[in-house]
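# Structural overview for review
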2 protein chains.
Amino acid sequence: MYRKQAESGYDCWLEYRHIENASLRENYLKRCASLAIIGGSPLLRTAGRELAHAISSMLGENPKDEAVTLIDAGAKGTIIVGTYGSSRLLEPLADVYRFDELGEEGYIIHASEDDCIYLSAASDKGVLYAVFHFIRLLQTGQSIESLRICEVPRNGLRMINHWDNMDGSIERGYAGKSIFFKDGRFIPDMSRIRDYARLLASVAINAVTINNVNVHRQESRLITDEFLPDVAKAAAIFRDYGIRLYLSVNFASTIEIGGLNTADPLDPDVTAWWKEAAANIYRYIPDFGGFLVKADSEFRPGPFTYGRNHADGANMLADAVAPFGGAVIWRCFVYNCLQDWRDRKTDRARAAYDHFMPLDGLFRDNVMLQIKNGPMDFQVREPVSPLFGGLTQTNQLLELQITQEYTGQQRHLCYLVPQWKEVFDFDTYARGERSTIAEVASGRLFGRESGGIAAVSNIGDDRNWTGHVLAQANWHGYARLAWDPGLSAEQLASEWIRMTFGLAAEPERVVKDMLLSSYDIYEAYTAPLGVGWMVNPNHHYGPNVDGYEYSKWGTYHYADCHGMGVDRTVRSGTGYAGQYHGPVVERYESLADCPDELLLFFHHVPYAHVLKSGKTVIQHIYDAHFGGADRAAELVAKWDSLASRIDADRFGQVRERLVHQAEHACEWRDMINTYFYRKSGIADEQGRVIY
Amino acid sequence: MYRKQAESGYDCWLEYRHIENASLRENYLKRCASLAIIGGSPLLRTAGRELAHAISSMLGENPKDEAVTLIDAGAKGTIIVGTYGSSRLLEPLADVYRFDELGEEGYIIHASEDDCIYLSAASDKGVLYAVFHFIRLLQTGQSIESLRICEVPRNGLRMINHWDNMDGSIERGYAGKSIFFKDGRFIPDMSRIRDYARLLASVAINAVTINNVNVHRQESRLITDEFLPDVAKAAAIFRDYGIRLYLSVNFASTIEIGGLNTADPLDPDVTAWWKEAAANIYRYIPDFGGFLVKADSEFRPGPFTYGRNHADGANMLADAVAPFGGAVIWRCFVYNCLQDWRDRKTDRARAAYDHFMPLDGLFRDNVMLQIKNGPMDFQVREPVSPLFGGLTQTNQLLELQITQEYTGQQRHLCYLVPQWKEVFDFDTYARGERSTIAEVASGRLFGRESGGIAAVSNIGDDRNWTGHVLAQANWHGYARLAWDPGLSAEQLASEWIRMTFGLAAEPERVVKDMLLSSYDIYEAYTAPLGVGWMVNPNHHYGPNVDGYEYSKWGTYHYADCHGMGVDRTVRSGTGYAGQYHGPVVERYESLADCPDELLLFFHHVPYAHVLKSGKTVIQHIYDAHFGGADRAAELVAKWDSLASRIDADRFGQVRERLVHQAEHACEWRDMINTYFYRKSGIADEQGRVIY
């Protein structure tokens with residue numbers, strides 16, 4: 001299980017490298033000489049094993065295994081691990097912390113004056129998280145002398161969605177094949193799933209779907225007796241790490257596998273079929289999380305076929321799993337994907353809001369609507385979805401995309417935490433100021449019981465999980481933000497670098513600079529000013545300005561020889577801007593107030609329009625693309641400066657991708673610049689080469 | 001073998017429908033009462049069977065089988081079939097015809113005053129062709145009273161190239177899967193190959209390659225003992241119909257299947273390997289035609305790898321097959337397919353000439369260079385390849401494309417005979433006036449022994465062979481032109497319609513009009529004025545103006561807000577125009593003289609440039625596209641007028657495709673017009689809707 005494979009990247013941020021600084025190591029050892037694990041539940045066993053491994057690996061000594069009785073006698077330098085109430089020894093903590101407020105997942109980390117460290121919680125899952133948190137403190141070189149940490153997750157559900165198909169392919173996967181499936185079945189050796197679960201637990205992910213939201217024929221049968229024994233095995237592995245397994249289901253299962261001729265959610269046969277299907281799943285997996293559903297979207301079946309709405313569909317499934325404590329997660333990625341490009345009135349950006357707002361309040365309590373961060377589809381830059389702040393009586397999940405579909409496909413470096421931070425921090429004004437997306441998604445703003453964050457995974461069976469070693473930082477960063485959106489990108493970058501590459505200052509300085517600048521760089525050399533798309537159709541890699549311009553997907557830039565952009569104002573456009581709350585509407589509606597980076601998302605402007613930056617739109621395009629490509633090239637030079645400080649394997653892996661990125665950024669630069677130069681006829685002020 | 005499957009389209013032009021006109025039938029019967037087949041070679045047996053079947057099917061009576069002795073006694077109304085010299089009965093023909101000038105394939109058809117008809121030739125293959133010609137006379141309702149026909153093919157090699165892969169797929173195939181291969185092997189039941197050979201023989205095709213010029217791993221092994229028994233079976237079927245089988249081979253076979261580590265054509269091991277490989281093939285197939293080779297093109301291996309040239313490569317293979325009478329056909333489709341779109345100096349159009357002209361005269365006598373009709377790749381409109389008229393000391397084959405890769409993929413109606421006629425009739429001025437491509441390709445102009453025509457097949461395992469029933473006319477028309485490029489498009493259309501749909505006047509009038517206008521219509525609504533491309537990459541279907549503009553394929557239009565087109569003049573462009581002979585150079589070099597339809601192939605002009613037609617370029621684009629789409633819609637109406645005159649099956653098949661074409665033509669119209677309106681900013685004079 002604990003293979004030492006750091007150099008391939010397999011261990012990710014859990015390499016537990018030996019701490020070279022002797023005084024730091026001594027200092028840690030003083031408090032980590034013994035371990036006392038109180039209780040023997042699976043999660044506590046997981047926690048104990050991990051802690052023992054981490055300490056022996058990082059500090060070079062196997063900690064003594066202390067019996068509880070010894071501890072009672074007051075041994076110094078012991079880590080005491082257990083749930084509150086399980087030992088008298090933990091009772092003094094109640095004077096400092098409110099265990100009743102920790103919930104199922106919160107925890108405390110406490111350093112006593114006698115050099116003991118307490119990792120405790122109200123539940124064993126909280127204890128597991130406390131252990132990983134404590135390990136992280138050691139990995140990142142923090143002082144552990146006067147710890148007074150009390151953590152409660154800001155989001156109840158912290159989920160990863162896999163878009164894995166049972167043939168082993170991964171939709172939008174850029175790091176190899178599925179770790180779950182191959183040739184239409186589960187991979188018999190599930191040891192990699194265990195290694196994966198451990199990585200997830202270390203960053204407190206508590207839910208996972210293992211199959212693609214586009215549920216094809218074979219995957220439809222995951223909820224049948226044919227595959228449930230295997231699903232149960234996978235669920236048991238995740239359970240050991242505090243993670244509940246969910247499945248994506250086919251809304252038309254009653255037809256595909258149920259032998260019915262309808263999937264009408266109000267049909268009694270359909271209802272009955274799903275109730276039995278759910279009951280059967282729970283016979284195999286008592287803590288099964290529930291269903292994730294993509295319905296009536298991109299050719300997937302759904303309730304529309306039967307004249308029903310999304311609430312009818314979601315509630316029917318919700319009623320089936322409710323008796324067992326299950327949930328239904330219903331995606332809001334619904335739009336007309338057979339739009340006529342000639343039609344400028346239909347606006348895909350409006351679709352989710354138009355579909356779901358009328359249904360607010362009609363969903364069961366165990367339904368969550370999963371809403372992509374933006375109204376389009378994970379572009380490098382979009383405004384936030386107006387459903388956040390729009391819906392007030394419906395549980396919501398914010399959906400992010402870790403896999404870099406439109407952001408370089410893990411061949412380009414693009415650290416997405418800064419993007420996600422902007423999403424979390426966006427103020428919807430739904431209840432006045434500080435009505436941030438973070439507050440909405442968690443459920444706090446509108447007092448919803450359920451809420452949280454889901455994201456599309458970026459891992460596959462590549463040895464290093466994510467293809468690009470540095471893309472591990474997105475996986476880590478997502479999970480950490482899901483726990484606490486208040487963490488900063490700087491904090492998370494530093495944390496990940498130390499855990500991954502060690503405590504040396506120079507790698508941290510350089511890689512942090514690379515990570516934190518990468519999103520801005522990627523945005524600079526790709527589609528400008530929020531207009532999005534401009535990628536090759538289908539696979540979505542590489543520049544193609546008109547790639548989606550004359551297509552059915554509702555994704556246009558409307559560039560002509562005079563200007564470009566999509567008028568989404570209420571005044572003269574599609575009215576999309578009106579889906580937000582007052583101050584936001586005003587900001588986006590106004591050409592003067594609209595932020596530069598979203599200008600072309602909301603307005604159609606001439607190339608000579610002057611941005612807040614003082615540049616014209618066309619000059620901005622040129623400058624951003626020349627600058628972006630230059631900065632992409634600099635990433636290679638920066639990485640090269642670490643040649644002697646990073647192991648050869650990972651150094652080489654990353655370098656190869658950075659070199660490709662630098663070349664590909666030139667392709668982006670030249671194609672975008674040439675396109676707009678040819679179209680506008682306006683020369684670059686600096687006379688640089690455009691073709 | 002003679003399944004009556006007319007309504008599915010399976011029988012193509014050999015349906016042999018009963019002649020309904022009683023007096024015509026009587027007239028025919030008078031001369032077709034008996035058959036005398038002199039001799040029993042396989043080809044003569046084929047000929048006899050076919051003739052008996054045709055007569056019984058069309059005239060409703062089984063002709064009496066006359067023994068030669070009876071004929072000698074002077075029976076009236078007998079068709080006498082045999083090679084000259086095989087019977088005293090044929091001797092009088094020598095007074096009228098010069099049998100020594102007929103060669104291996106020429107034939108005579110002679111009606112005597114005693115109502116006998118003589119179908120004779122110097123060889124049994126000629127007799128077979130005479131039989132099919134005679135049948136065609138009956139099918140098309142010609143008088144057979146005073147026949148004095150003497151035919152000699154204008155081209156020695158009349159070949160069909162299949163781009164079939166052994167997995168059953170067909171590269172650029174639009175009519176189903178391969179009739180030869182499936183799942184990596186030959187299809188065991190070869191009866192469809194026999195039906196196919198019969199159709200080919202009926203139009204005098206005498207050579208066929210059955211596998212893709214892109215020879216992949218499995219296909220490389222067709223020349224090994226693993227597959228040669230099956231190749232030999234197929235060859236035997238074709239042999240019964242006078243057709244020689246060739247194979248496409250992998251230039252790197254010595255490495256892929258030969259166990260050598262080189263494919264250097266001057267390496268003795270390589271030479272020896274190929275000599276033995278050839279000898280082995282001829283052990284299985286004594287009349288094996290030879291090799292077709294695509295080398296150093298689009299990632300295929302070739303002699304360049306070893307610092308050798310195309311002559312080195314071709315001659316090495318030619319020497320291997322020469323002892324057995326085999327030939328090597330070497331494709332000239334060689335260009336840099338990793339071009340940088342930024343580079344305006346490199347011109348793909350120049351490539352074939354630049355590569356092969358320096359090698360003129362260096363090829364063995366049993367090598368033929370196969371040259372695509374145009375310098376690019378089977379666009380709807382291209383100039384002819386300047387290698388025709390350039391090369392004077394090298395055998396040449398003209399390569400055409402029957403499969404409609406860029407001309408509507410058999411979903412659009414596009415009768416290509418008019419295009420091919422323009423190619424054949426093009427005057428290269430290589431030896432002064434009347435140095436047409438037809439004269440070059442046949443070998444006559446430069447006194448070459450070998451020459452001819454090859455074309456990429458449009459058939460597959462669709463019931464009707466070609467997907468679009470009317471695309472059978474391209475297959476038929478190609479073969480007939482290969483025999484005689486002097487035939488007109490009108491003649492060939494009429495002939496095909498009568499053979500396919502019968503002798504009724506109205507279907508002939510309507511379908512002929514549809515066929516003959518279809519190329520012009522297709523050109524009108526697709527890429528304008530010879531500039532080409534503007535299709536979706538890879539599959540090449542449907543409009544995409546910038547689809548190849550920023551790619552590596554050397555295929556650009558350079559449209560900007562001022563104008564478009566590729567300057568290929570000597571004066572200011574890539575110099576391509578200089579690859580022709582004097583008068584042609586002058587025509588293309590001059591903006592004033594360059595024909596409108598090729599203007600943008602040779603010149604970059606402003607949108608306001610006035611064409612010979614009196615229209616500006618931009619207005620021409622608008623008018624052509626509005627007009628083309630309108631005319632595509634009219635094709636549906638024209639076809640509908642035949643609803644009661646064409647069988648329901650074929651009527652419906654064609655109608656479905658015409659309806660799609662009409663819709664898709666609107667997509668072309670709107671996308672092209674919108675692109676150029678947005679780019680130029682110039683409005684349509686007629687104010688029609690552009691988006």
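Residues numbered from 1 in each chain as written. Chains lettered and ligands numbered in written order. Predicted model: local features only at pLDDT ≥ 70, side-chain atom pairs only at ≥ 80, totals over all residues. Heavy atoms only, no water.

Residue and element names in this part refer to chain B. Judged by pairing direction, the sheet is mixed, and its six strands sit side by side in the order β2-β1-β3-β5-β4-β6 without closing on themselves. Single-partner strands in this sheet number two, and they are β2 (64-65) and β6 (148-151). Here helix α2 (residues 42-59) sits on the sheet and contacts β1 (34-37), β3 (78-83) and β5 (117-121); the angle it forms with β1, its principal contact strand, is near 175 degrees. (Pairing = 2+ DSSP bridges. Helix = DSSP H or I, 4+ residues; strand = E, 2+ residues; numbered from the N terminus. Contact = heavy atoms within 4.5 Å. Axes fitted to C-alpha atoms, helices over the stretch in contact; angles between N-to-C directions.)

Turning next to helix α2 (residues 42-59) of chain A. All names here are of chain A. For α2, built from 18 residues, the straight-helix expectation of 26 Å at 1.5 Å per residue is met to within 8% by its first-to-last C-alpha distance of 25 Å. The buried fraction of α2 is high, at 13 of 18 residues. Once α2 finishes, Gly60 follows within two positions and takes phi at roughly 80 degrees, a positive value. (Expected span 1.5 Å × (residues − 1). Buried < 20%, exposed > 50% of the residue type's maximum accessible area, 1.4 Å probe, protein only.)

Moving on: the relation of the copies chain A and chain B. The two copies are related by a screw motion: chain A maps onto chain B through a turn of 180 degrees and a shift of 0.0 Å along the axis, at an RMSD of 0.1 Å. With respect to symmetry, the two chain copies, as superposed, fit the operation of a two-fold axis. By C-alpha distance to the rotation axis, the residue of chain A lying nearest is Lys679 of chain A, at 2.8 Å. (Least-squares fit on C-alpha atoms with pLDDT ≥ 70 in both.)

So, about the sheet that holds strand β10 (residues 207-209) of chain B. Residues and elements named next belong to chain B. Here we have eight strands rolled up into a closed barrel, ordered β7-β10-β11-β12-β13-β14-β15-β16, and parallel in their pairing. Within this sheet the neighbouring strands show an average axis-to-axis angle of 25 degrees, counted without direction. Here three bridges tie strand β7 (residues 157-161) to β10, and the two strands are oriented parallel to one another. Its bridge partner lying in β10, Ile160 is registered against Val208. Sitting on the sheet, helix α10 (residues 310-321) touches β12 (290-293), β13 (327-331) and β14 (367-372), and the angle it makes with β13 is about 155 degrees.

A few words now on the interface of chain A and chain B. Contacts between the two partners involve 22 residues from chain A, matched on the other side by 22 residues from chain B. Interface of chain A and chain B: buried area, both sides summed, is about 2,100 Å²; carbon and sulfur atoms make up 54% of it. Looking only at chain A, the three residues that lose the most surface to chain B are Arg342, Tyr550 and Arg678 of chain A, adding up to 38% of its buried area. Across the chain A-chain B interface, the total number found is six salt bridges. One salt bridge connects Asp670 of chain B with Arg342 of chain A, and the closest N-O pair in it is separated by 2.5 Å. In this assembly, chain A and chain B are joined by ten residue pairs in polar contact (both at pLDDT 80 or more). Classifying every residue of the side of chain A that touches chain B gives nine nonpolar, four polar and nine charged. (Buried area = accessible area lost by both parts, 1.4 Å probe. Salt bridge = Lys/Arg side-chain N within 4 Å of Asp/Glu carboxyl O. Polar contact = N/O pair within 3.5 Å; in protein donor to acceptor, adjacent residues only side chain to side chain. Nonpolar A, V, L, I, M, F, W, Y, C, P; charged D, E, K, R; others polar.)

Residue and element names in this part refer to chain A. Scanning the entire structure with this criterion turns up 76 aromatic pairs over all chains. Where Phe288 meets Phe291, the ring centres are 5.9 Å apart and the plane angle is 65 degrees; that geometry is what we call edge-to-face. Each member of the pair Phe288 and Phe291 is classed as buried. Ring centres of Trp420 and Tyr478 lie 6.1 Å apart, and the angle between their planes is 80 degrees; this geometry places the pair in the edge-to-face category. In this pair, Trp420 sits in helix α12 (residues 417-425) while Tyr478 sits in helix α14 (residues 472-483), placing the two residues 58 residues apart along the sequence. An identical accessibility class is assigned to Trp420 and Tyr478; each is buried. One aromatic cluster is present, built from ring pairs that chain together Tyr10, Trp13, Phe180, Phe181, Phe186, Tyr196, Phe238, Trp465 and Trp475. Residue placement shows Arg344 over the ring face of Tyr558; its charged tip is 3.9 Å from the ring centre. Lying across the ring of Phe601, Arg568 places its NZ or CZ 4.1 Å from the centre. (Phe/Tyr/Trp six-rings, centres within 6.5 Å; stacked < 30°, edge-to-face > 60°. Lys NZ or Arg CZ within 6 Å of the ring centre and 35° of its normal.)

Below, the discussion takes up the UniProt feature "domain: Glycosyl hydrolase family 67 C-terminal" (unreviewed entry) in chain A. Within this numbering scheme, the UniProt entry marks residues 466-688 of chain A as carrying the feature "domain: Glycosyl hydrolase family 67 C-terminal" (unreviewed entry). With 52% helix and 2% strand, residues 466-688 of chain A has end C-alpha atoms that lie 37 Å from one another. (UniProt positions renumbered as here; feature names shortened; annotations may be inferred.)

Residue and element names in this part refer to chain A. The backbone of Asp183 shows a phi angle near 50 degrees, a positive value even though the residue is not glycine. Relative to the helices and strands, Asp183 resides in the loop between β8 (181-182) and β9 (185-186). By relative accessible area, which is 63% here, Asp183 ends up exposed. Although it is not a glycine, Tyr558 sits at a positive phi angle of roughly 55 degrees. Turning to its location among the elements, Tyr558 is positioned in the loop between α16 (505-525) and β17 (563-564). We classify Tyr558 as buried; its relative accessible area is 6%.

Turning to the environment of Leu445 of chain B, a few remarks are in order. Residue and element names in this part refer to chain B. If you trace the backbone, Leu445 turns up in the loop between α13 (437-442) and β16 (451-456). Remark: the alpha-carbon pair of Leu445 and Thr392, spanning 53 residues in sequence, is separated by 8.6 Å. Filtering out sequence-adjacent residues up to four positions away, Leu445 remains in contact with Ala430, Arg431, Ser435, Glu439 and Val440.

The next subject is the UniProt feature "active site" (unreviewed entry) in chain A. Residue and element names in this part refer to chain A. The feature "active site" (unreviewed entry), as annotated in UniProt, sits at Glu298, Asp377 and Glu405 in this numbering. You can see Glu298 is positioned in the loop between β12 (290-293) and α10 (310-321). With sequence-adjacent residues up to four places away left out, Glu298 is seen in contact with Phe333, Tyr335, Cys337 and Trp553. At a separation of 2.7 Å, a polar atom in the side chain of Glu298 contacts the side chain of Lys294. With respect to the secondary-structure elements, Glu405 resides in the loop between β15 (395-401) and α12. Exposure remark for Glu405: the relative accessible area of 3% places this residue in the buried category. Contacts of Glu405, omitting those with residues within four sequence positions, involve Trp163, Arg172, Tyr174, Asp377 and His540. At a separation of 2.7 Å, a polar atom in the side chain of Glu405 contacts the side chain of Gln401.

Residue and element names in this part refer to chain B. Inspection of the secondary structure puts Asn315 in helix α10. When the C-alpha positions of Asn315 and Ser590 are compared, they lie 40 Å apart, and in sequence the two are 275 residues distant. Apart from residues lying up to four places away in sequence, Asn315 is in contact with Leu362, Phe363, Arg364 and Val367. There is a polar contact of 2.8 Å between the side chain of Asn315 and the backbone oxygen of Leu362.

With that settled, the discussion passes to the domain arrangement of chain A. All names here are of chain A. What the domain assignment reports for chain A is domain 1 (1-151), domain 2 (157-487) and domain 3 (525-566 + 604-680). Centre-to-centre separation of domain 2 and domain 3, based on C-alpha positions: 29 Å. Taken residue by residue, the interface counts 32 residues in domain 2 and 31 residues in domain 3. Taken together, the two surfaces of domain 2 and domain 3 that pack against each other cover about 2,600 Å², and 56% of this comes from carbon and sulfur. Of all residues in domain 2, the largest losses of buried area upon contact with domain 3 belong to Trp341, Arg411 and His412, amounting jointly to 26% of the total for that side. Between domain 2 and domain 3 we count zero salt bridges in total. Counting every contact that joins domain 2 to domain 3 gives 15 residue pairs in polar contact (both at pLDDT 80 or more). When the residues that make up the side of domain 2 that touches domain 3 are grouped by side-chain class, the tally is twelve nonpolar, ten polar and ten charged. (Domains from an automatic or database assignment.)

All names here are of chain A. A rise of 1.5 Å per residue sets the reference length of α10, with its twelve residues, at 16 Å; its end C-alpha atoms lie 17 Å apart and thus fit the reference within 8%. Taken across its twelve residues, α10 has ten buried, putting it largely inside the fold. Within α10, burial applies to His310, Ala311, Gly313, Ala314, Asn315, Met316, Leu317, Ala318, Ala320 and Val321. Buried positions along α10 lie against α9 (268-284), β12, β13 (327-331), α11 (351-356) and β14 (367-372).

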